[in-house]
Amino acid sequence: MQEITVTVTKDLKFSVNDRVVSREQVKSELTNLLKDKKGQVVLHIDKEVPVEHLVEIGGIAAGLEANVTIATKPYK
């Protein structure tokens, strides 16, 4: 299974597998990467990012039938 990482920084910079993209490009990037393959999308989203971005990207990935995981920092 292919793993794809989507990162959103607190200043709302988006990247897919370390490739910087615009918010509007996230869907097309995920569509191309998941085309004809099963995959897992790991979301790395800064805690200061509004939850709407998490929901939007998670929804896109789920709509493409990918497994969605939210990566968090472990508590100390």
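Refer to the preceding data block for the structure.
Residues numbered from 1 in each chain as written. Predicted model: local features only at pLDDT ≥ 70, side-chain atom pairs only at ≥ 80, totals over all residues. Heavy atoms only, no water.

A.B. asks: Let's hear about the nonpolar core: which residues, and what values?
C.D. replies: Grouped together as the largest cluster of nonpolar side chains are 16 residues, with contacts concentrated most on Val6, Leu30, Val41 and Ile57. Only strand S1 (2-8), strand S2 (14-16), helix H1 (26-34), strand S4 (39-45) and helix H2 (51-63) provide two or more residues apiece to this core. If sequence neighbours within four positions are ignored, Leu30 has contacts with Ile4, Val6, Val16, Val41, Ile60 and Leu64. (Core = buried A, V, L, I, M, F, W, Y, C linked by side-chain atoms within 4.5 Å. Buried < 20%, exposed > 50% of the residue type's maximum accessible area, 1.4 Å probe, protein only. Helix = DSSP H or I, 4+ residues; strand = E, 2+ residues; numbered from the N terminus. Contact = heavy atoms within 4.5 Å.)

A.B. asks: Talk me through the pattern of salt bridges; I want residue IDs and the actual numbers.
C.D. replies: Taken as a whole and assessed by the stated rule, the structure comprises two salt bridges. A salt bridge links Arg19 to Glu29, with the shortest nitrogen-to-oxygen separation between them at 2.5 Å. Of this pair, Arg19 sits in strand S3 (residues 19-21) while Glu29 sits in helix H1, and the two are ten residues apart along the sequence. Owing to a relative accessible area of 17%, Glu29 belongs among the buried residues under this scheme. One salt bridge in this structure joins Arg23 and Glu56, with 2.8 Å as the shortest N-O distance. With a gap of 33 residues between them, Arg23 in the loop between S3 and H1 and Glu56 in helix H2 connect regions that are remote in the sequence. On the basis of relative accessibility, which here comes to 31%, the residue Glu56 falls in the partly exposed class. (Salt bridge = Lys/Arg side-chain N within 4 Å of Asp/Glu carboxyl O.)

A.B. asks: Tell me about the environment of Lys38, residues and numbers included.
C.D. replies: Inspection of the secondary structure puts Lys38 in the loop between H1 and S4. A C-alpha to C-alpha distance of 8.4 Å links Lys38 and Asn67, two positions 29 residues apart in sequence.

A.B. asks: Residue-level account of the sheet that holds strand S5 (residues 67-70), with values.
C.D. replies: Ordered by their spatial adjacency, five strands build an open sheet running S3-S2-S1-S4-S5, and the pairing between neighbours is mixed. Edge positions in the sheet fall to S3 and S5, since each of these pairs with one other strand and no more. Each neighbouring strand pair of the sheet contributes to a mean axis angle of 25 degrees, computed without reference to strand direction. Bridge count between S2 and S3: three bridges; the pairing is antiparallel. Residue Phe14 lies in a different strand from S3, and its bridge partner there is Val21. Across the face of the sheet, H1 comes into contact with S1, S2, S3 and S4 while running at roughly 170 degrees to S1. The strands that H2 touches are S1, S2, S4 and S5; relative to S4, the one it contacts most, it runs at about 175 degrees. (Pairing = 2+ DSSP bridges. Axes fitted to C-alpha atoms, helices over the stretch in contact; angles between N-to-C directions.)

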